[in-house]
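This is what each chain is made of:
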There are 2 protein chains.
Amino acid sequence: MPVGFNADEMKRLDEVVEKRRRVKQGELLFNSGDTFTSLYAIRTGFFKTCVTSEDGREQVTGFQMAGEIIGMDGIVSDHHNCNAIALEDAEVCVMPFATIEDLSRELPVLQRHVHKIMSREIVRENSVMMLLGNMRAEERLAAFLLNLVQRLHARGLSQSELVLRMTREEIGSYLGLKLETVSRAFSKFSEDGIIEVKQRYVKIIAPDALKKIFNPQTYF
Amino acid sequence: MPVGFNADEMKRLDEVVEKRRRVKQGELLFNSGDTFTSLYAIRTGFFKTCVTSEDGREQVTGFQMAGEIIGMDGIVSDHHNCNAIALEDAEVCVMPFATIEDLSRELPVLQRHVHKIMSREIVRENSVMMLLGNMRAEERLAAFLLNLVQRLHARGLSQSELVLRMTREEIGSYLGLKLETVSRAFSKFSEDGIIEVKQRYVKIIAPDALKKIFNPQTYF
DNA sequence: ATTATCTTTTGATGTGTATCAAAGTACTTT
DNA sequence: AAAGTACTTTGATACACATCAAAAGATAAT
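In this text, all values refer to a predicted model and were calculated from it rather than measured experimentally.

Caption draft 1: Quick look at the overall build of chain A. Scanning chain A from N- to C-terminus turns up seven helices and nine strands. Taking 17 Å as the expected radius of gyration for a compact globule of 220 residues, we find that chain A reaches 19 Å, a close match to that expectation. The C-alpha extent of chain A, read off along each of the three principal axes, is 55 × 45 × 30 Å. The proportion of buried residues among the 220 residues of chain A is 51%. Long-range contacts, defined as pairs at least 24 residues apart, comprise 71% of the intrachain contacts of chain A with a sequence gap of at least 6. Within the structure as shown, chain A displays about 10,300 Å² of accessible surface, and the carbon and sulfur contribution to it stands at 48%. Side chains of chain A give 29 positive and 31 negative charges; the mean places of these two sets differ by 4 Å.

Next up, the structure:
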C-alpha cells in the first residue's frame, strides 16, 4: 500500500490484507461472473483485465502492474465484470472489500484513498476513450509506450528500456487495433529511429519524438 | 437520491445536498481544470461530459440524465478532468464531497452507495471501450440507442420513443465516429424499417433487430 | 536436439469509415 | 415574414486500417 499514512495507520491497514495469493502466468485472478468479495493489490507481476462480448469478442481494458489495485469493477453488482489474467507470475494481497469498508469508516485517510483509486480508474478510462475515439494507430501506440515507461519509471525502473509483458495482439486489443497494425507501427518507429525493438524488448531512443506523435500540436 | 434507504437515513441524506443549482442549455456545470469540491446529482435535464486533448480534439465520454451522478472524475486530483455541459436546461443538487465522505463514515448504506456509483461508472466505461475497440458503426449506434431507451424507460418514459438531446456530431464523438457516419447509420436503420427517424425524434420499431445488430451471435 | 506451437513481421489486397462537398431542413433572430 | 445560423442528409472520393497469406523467429514440449 502507498504513502500518506502514518505509522499507526499503517498498522491498521495490515488488517485489510486477509492473505496473499500467488497467480501463475496465464492463470486467472478472477473471472467475469465470479462473486465479488475482494480488491487485490498487486505485489509483484503483471496483469491484464479484459471484457468479452457475448459473441466472443475480447477487449483488453487495462494492464496493471505492482502497486496497482484491481477488482473495482465488481463492487456495483457483487459480481466481477471482467477477467483478470496474470501475464507473468504474480503475487497479490487479497483485501476483502467488507473489511476495507469497515476500516475506511474509521480511517478517513483510507476512505479518501479508496475514493481516489476509483476516481483515477475513471479518469484513466476517459483517456483511453480519447485514444480509441480520436487517435490514429501510431498515436495510440506512442501514448501506450509513454504511459508504460512512465509507470515503470515511477517504480524505479528505466524510463527508456522495457520488456513488454503482453503480445502484439493484446496491445492491439487494448488500443483497438489488429496485431499486424501494432507490429507495423513498431516497425515504423524503429525505422524512424525513435525506438529500438527486438520482440518484447523495447528501448525508447527519442522520447520527444514519441510525445510529438502522441500530441503533434504541442510542438508547434 | 435513490432507493435502499430508510426514513431516518433519508433525513440524514438531505445533509449532503448543500444547495441546488440551475444550469441552462449550453452552459457548463464544471470545466476541466476547475477545483473539485462537489458531486452533482442531476434532478432534471441532460448533460454530456467530454475530455479535450491538448491539440483540441474532443471526446464525449458520456451522456447523463436525471438521477445520475457526475463529477467523480475530480476526486483523484482535486481538479475536474472533464467538462460537463448541459444539453438542455437542467437542475442539479450540489453535494460537497467532504460532506459525502463525512456522512458515509456514519452511514454504511451511503458509503456502499458511493462505492457502487463509482464502480458502475468504471463498468460503463469498460463497455464503451468494447464498443470503440471492437464494434462497427451500426453496432455502436444500435448499442447506443438501446442503452438510451433502456435508461429512459427506467425513468418511466417510453421504451420505444425518444427525443435525442444531442447532435449527430456529439453522438459521433461518443461513439468514435464522424457525424456523417452516424447520419448514414440512422438512415440505414430507417430504410430497413428498424427505426423511424425525424431529426432528433426516434421511434424504435424493431428493438429485436437492433439487439441483433448489436450482438449478432445471440440469434443463431 | 527436434518437432510442434506460438508470436511476430512483412507484403498484397480489400473495406469501412473519413473526408470533401453541396443541398436540404429546422431553428433563431430581427 | 425574412434572413441568418445551426444541424442533418446524401453523394463522390480517399485513405487508414483490416484482412488474407506466408515466412521467419522465438518458445515450449518431447
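Caption draft 2: Highlighting helix H2 (residues 97-106) of chain B. Among all positions in H2 of chain B, only Phe 97, Ile 100, Glu 101, Leu 103 and Ser 104 of chain B are buried. Tucked inside the fold, the buried residues of H2 of chain B contact helix H2 (97-106) and helix H3 (108-134) of chain A together with helix H1 (7-13), strand E3 (38-52), strand E6 (83-96) and helix H3 (108-134) of chain B.

Caption draft 3: Spatial organisation of the pattern of salt bridges. The full count for this structure, using the stated rule, is 31 salt bridges over all chains. For Arg 43 of chain A, the salt bridge goes to Glu 91 of chain A, with nearest N and O atoms at 3.4 Å. In this pair, Arg 43 of chain A sits in strand E3 (residues 38-52) while Glu 91 of chain A sits in strand E6 (residues 83-96), placing the two residues 48 residues apart along the sequence. Arg 43 of chain A gets classed as partly exposed once you look at its relative accessible area, which sits at 38%. Arg 57 of chain B is the partner of Asp 55 of chain B in a salt bridge, and the nearest nitrogen-oxygen pair spans 3.0 Å. Linked through salt bridges whose partners overlap, the residues forming this network are Lys 48, Glu 58 and Glu 170 of chain A.

Caption draft 4: Quick look at the sheet that holds strand E7 (residues 161-163) of chain A. All names here are of chain A. Reading across from one edge, E7-E9-E8 is the order of the three strands in this open sheet, with antiparallel pairing throughout. Unpaired on one side and paired on the other, E7 and strand E8 (195-198) mark the two borders of the sheet. This sheet shows a mean twist of 15 degrees between the axes of neighbouring strands, independent of strand direction. The sheet contact formed by E8 and strand E9 (residues 201-204) spans four bridges and is antiparallel. Residue Glu 196 lies in a different strand from E9, and its bridge partner there is Lys 203. Relative to the sheet, helix H6 (residues 179-191) contacts E8 and E9, its axis offset from that of E8 by approximately 130 degrees.

Caption draft 5: Region of the structure containing the relation of the copies chain A and chain B. Mapping chain A onto chain B calls for a screw motion: a turn of 180 degrees about the axis and a shift of 0.0 Å along it, with 0.0 Å RMSD after fitting. Seen this way, the second copy is the image of the first under a two-fold rotation axis. No C-alpha of chain A lies nearer the rotation axis than that of Arg 105 of chain A, which sits 2.2 Å from it. Interface overlap between copies is the fraction of interface residues in one copy that are interface residues in the other; for chain A against chain B it reaches 100%, indicating a shared surface.

Caption draft 6: Highlighting the protein's contact with DNA strand C. The environment of DNA strand C is made up of 19 residues, and the closest members are Arg 168 and Ser 187 of chain A together with Ala 137, Lys 178 and Thr 181 of chain B. Counting only atoms of DNA strand C within 4 Å of the protein, the fraction found in sugar and phosphate groups is 66%. Within the side chain of Ser 183 of chain A, a nitrogen or oxygen atom sits 2.8 Å from a phosphate oxygen of DNA strand C. Within the contact set of DNA strand C, a base oxygen lies 2.9 Å away from a side-chain nitrogen or oxygen of Arg 184 of chain B. For the surface near DNA strand C, the elements supplying multiple residues, two or more each, are H6 of chain A together with helix H6 (179-191) of chain B. Take the surface near DNA strand C: its biggest share by element is five residues, from H6 of chain A. Grouping the amino acids of the surface near DNA strand C by side-chain chemistry returns three nonpolar, seven polar and nine charged.

Caption draft 7: Just the pairing of strand E4 (residues 58-65) of chain A, in detail. Residues and elements named next belong to chain A. Counting buried positions along E4 gives seven out of eight residues, so the element sits mostly inside the fold. Pairing geometry for E3 and E4, over seven bridges, is antiparallel. Following the sheet pairing, Phe 46 is matched in E4 by Met 65. From the end of E3 to the start of E4, which pair antiparallel, there are five residues, and Gly 56 there has a positive phi angle of about 95 degrees.

Conventions we followed
- Residues numbered from 1 in each chain as written.
- Chains lettered and ligands numbered in written order.
- Predicted model: local features only at pLDDT ≥ 70, side-chain atom pairs only at ≥ 80, totals over all residues.
- Heavy atoms only, no water.
- Helix = DSSP H or I, 4+ residues; strand = E, 2+ residues; numbered from the N terminus.
- Rg over C-alpha atoms; globule rule 2.2 N^0.38 Å.
- Buried < 20%, exposed > 50% of the residue type's maximum accessible area, 1.4 Å probe, protein only.
- Contact = heavy atoms within 4.5 Å.
- Areas by Shrake-Rupley, 256 points an atom, 1.4 Å probe, with all protein chains shown as cover.
- Lys, Arg positive; Asp, Glu negative; His and termini not counted.
- Charge placed at Lys NZ, Arg CZ, Asp CG, Glu CD.
- Salt bridge = Lys/Arg side-chain N within 4 Å of Asp/Glu carboxyl O.
- Pairing = 2+ DSSP bridges.
- Axes fitted to C-alpha atoms, helices over the stretch in contact; angles between N-to-C directions.
- Least-squares fit on C-alpha atoms with pLDDT ≥ 70 in both.
- Near = heavy atom within 4 Å.
- Polar contact = N/O pair within 3.5 Å; in protein donor to acceptor, adjacent residues only side chain to side chain.
- Nonpolar A, V, L, I, M, F, W, Y, C, P; charged D, E, K, R; others polar.

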